[in-house]
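Examination of the molecular architecture
Listed below, chain by chain, are the residues.
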Amino acid sequence: MLKPVSARCNLNCTYCYYSAPAEGLTDLPPLMSPALLEDILKQALELSYPRVFFGWQGGEPTLMGAGYFRKALEAEKRFARAGHVIANGLQTNGILFDQAWAAVCRDYNVLVGLSIDGPAEVHNTYRKDANGQGAWASAMRASQILKEQGIAFSILCVVSQANVRKAKEIYRFFRSEGFTGLQFIPCIEPDSTSPTGISPESVSAGQYGEFLCELFDCWQSEWDSIYIRLFHAIMRTYAGLESGFCNVSPRCDNAVFFESSGDCYTCDFFPVEDWHLGNIADVPLAEMLYSDKLKEFTQLKRKLRGKECDNCRWEFACGGGCLRSYPLRVRHDGHPNFFCSAMKTFLSHAHTRLQAMADRVEAWVG
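In this report, we go over the structure that sits alongside the text. (Residues numbered from 1 in each chain as written. Predicted model: local features only at pLDDT ≥ 70, side-chain atom pairs only at ≥ 80, totals over all residues. Heavy atoms only, no water.)

Some remarks on empty space enclosed by the protein
Per the counting criterion, the structure on display carries three cavities of 30 Å³ or more. Computed from the structure, the largest cavity encloses a volume of approximately 140 Å³. Taken together, 14 residues form the lining of the largest cavity, with Cys-309, Cys-312, Cys-318, Cys-340 and Lys-344 sitting closest to its centre. Residue assignment for the lining of the largest cavity shows that the elements contributing at least two residues are α13 (315–318) and α14 (340–365). Looking at the lining of the largest cavity element by element, the count peaks at four residues for α14. When its residues are assigned to classes, the lining of the largest cavity shows nine nonpolar, two polar and three charged. (1 Å grid on protein atoms, 1.4 Å probe; cavity = no way out; pocket = protein on both sides within 12 Å on 5 of 7 lines; lining within 4 Å. Points joined across faces, edges and corners; volume = space filled by probe spheres on them. Helix = DSSP H or I, 4+ residues; strand = E, 2+ residues; numbered from the N terminus. Nonpolar A, V, L, I, M, F, W, Y, C, P; charged D, E, K, R; others polar.)

Let's talk about helix α4 (residues 99–107)
Within α4, the full set of buried residues consists of Trp-101, Ala-102, Ala-103, Val-104 and Cys-105. Where α4 is buried, its residues touch α3 (66–79), β2 (85–92), β3 (111–115) and α6 (136–149). Among the residues trailing α4, Asn-109 stands out with phi positive, at a value near 55 degrees. (Buried < 20%, exposed > 50% of the residue type's maximum accessible area, 1.4 Å probe, protein only. Contact = heavy atoms within 4.5 Å.)

Considerations on the sheet that holds strand β9 (residues 276–279)
Pairing is antiparallel in the open sheet, where three strands are placed in the order β7-β8-β9. Of all the strands in the sheet, just β7 (257–258) and β9 have a single pairing partner and so form its edges. Sheet analysis places β7 next to strand β8 (residues 263–265), joined by two bridges and oriented antiparallel. Note on β8: the bridge partner recorded for Phe-257 is Tyr-265. (Pairing = 2+ DSSP bridges.)

A few points about the state of the cysteines
Chemically, a disulfide is nothing more than a covalent bond linking the sulfur atoms of two cysteines. Per the counting criterion, the structure on display carries zero disulfides. Cys-157 forms no disulfide, and the closest cysteine sulfur to it belongs to Cys-187, at a distance of 11 Å. By relative accessible area, Cys-157 is classed as buried at 0%. Here Cys-312 stays unpaired: no disulfide links it, and the sulfur of Cys-340, its closest cysteine neighbor, is 6.3 Å away. (Disulfide = S-S within 2.5 Å.)

Some remarks on unusual backbone geometry
With an omega of 20 degrees, the peptide bond running from Gly-58 to Gly-59 counts as cis. With respect to the element layout, Gly-59 can be found in the loop between β1 (51–56) and α3. Notably, Ser-6 is not glycine yet its phi reads approximately 55 degrees, a positive angle. Among the structural elements, Ser-6 can be located in the segment before α1 (20–23). Here Ser-6 falls in the buried class, since its relative accessible area comes to 2%. Not every positive phi belongs to a glycine, and Asn-109 is a case in point at roughly 55 degrees. On the secondary structure map, Asn-109 appears in the loop between α4 and β3. For Asn-109, a relative accessible area of 67% corresponds to the exposed category.

What about the packing of helix α7 (residues 167–176) against helix α8 (residues 205–219)?
Direction vectors running N to C along α7 and α8 enclose 40 degrees, while the axes themselves pass 8 Å from each other. As the angle between them shows, α7 and α8 are arranged oblique. The crossing of α7 and α8 is right-handed. Of the residues in α8, those touching α7 at Ala-167, Lys-168 and Tyr-171 are Phe-211, Glu-214, Leu-215, Cys-218 and Trp-219. (Axes fitted to C-alpha atoms, helices over the stretch in contact; angles between N-to-C directions. Parallel < 35°, antiparallel > 145°, perpendicular 65-115°, else oblique. Left-handed = near helix turned anticlockwise from the far one by under 90°.)

Some thoughts on the pattern of salt bridges
Per the stated rule, a full pass over the model turns up ten salt bridges. The shortest N-O distance in the salt bridge between Asp-268 and Lys-3 comes to 3.5 Å. With Asp-268 in the loop between β8 and β9 and Lys-3 in the segment before α1, the pair connects residues that are 265 residues apart, well separated along the chain. As far as burial versus exposure is concerned, Asp-268 and Lys-3 are alike and both buried. Across the pair Lys-77 and Glu-74 runs a salt bridge, and its minimum N-O distance is 3.6 Å. Taken together, the positions of Lys-77 and Glu-74, both in helix α3 and three residues apart, correspond to about one turn of that helix. (Salt bridge = Lys/Arg side-chain N within 4 Å of Asp/Glu carboxyl O.)

Okay, here's the thing in structure tokens:
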């Protein structure tokens, strides 16, 4: 995962987990130098992996400029070996996404993730620019460009207090817009001043569980044509396959990420010293990927999750959940996932239908 502009963003979302002041990232370069970026790409492609995915995120990665991005993708082609499979994904709020950006993404077959939380009144609740204006119109304009240019894209929806009670409405809105790839991420931000320990925008486990149940009921008749990342990942576990999604995997070892400075961390939710692997200018990528610190991180979920997980009937499908939803984003012992009860509620609700879907998947594969 690459963050060429680090925490820089042209929005000021209320629920943002990655604001520079909160994470101490204010001194990072505003843009990763081309030489530094090429070094990362080159080292990544020199490793023995036959398939490599580069995820471009932020902040808002389109602040790097379409020309910068095109040169980066050309560098990937120069460094690729025979038979290499290279994929790229760009996550954006859509404000700067124009025809120039569309041309780059179309020419290099880049998968675009577009952040939309629902209809205007929902999206604009927390997703605002520096002047307090909602960003919905810009996001929808970007979705239209993506459709017109035939670029593959998916929607990233943050589940917050603005939409957690509106699963049916949100799903119908996305379907009315012709969106067929969806990802839902629950808002969970710690707040030591709150009686609940979470921010006002965050959702409770009970709310999130109900949201997932209602969303699943809306989706079940279209499950083979509408992709919802969490549901498809869990369905894969029912079919005896790897989930392909770190949230429901027993280990956190699918990616590392780079800030604009070249500093590398184990996960973009943990840009803290405890999980700093080094800087690409000083430490080779291969050394970071095989370091004891990264090995420790891959086992952290199993160490931190509650003992009840080991005897839980849903452990195979839940995997312990995302480390971000454990009480703290640093080392902390003995506490289960904040959304444990949400997953139990959802899996109890959807179990029989998930198994039936998985049986059909197994029949196709077989």
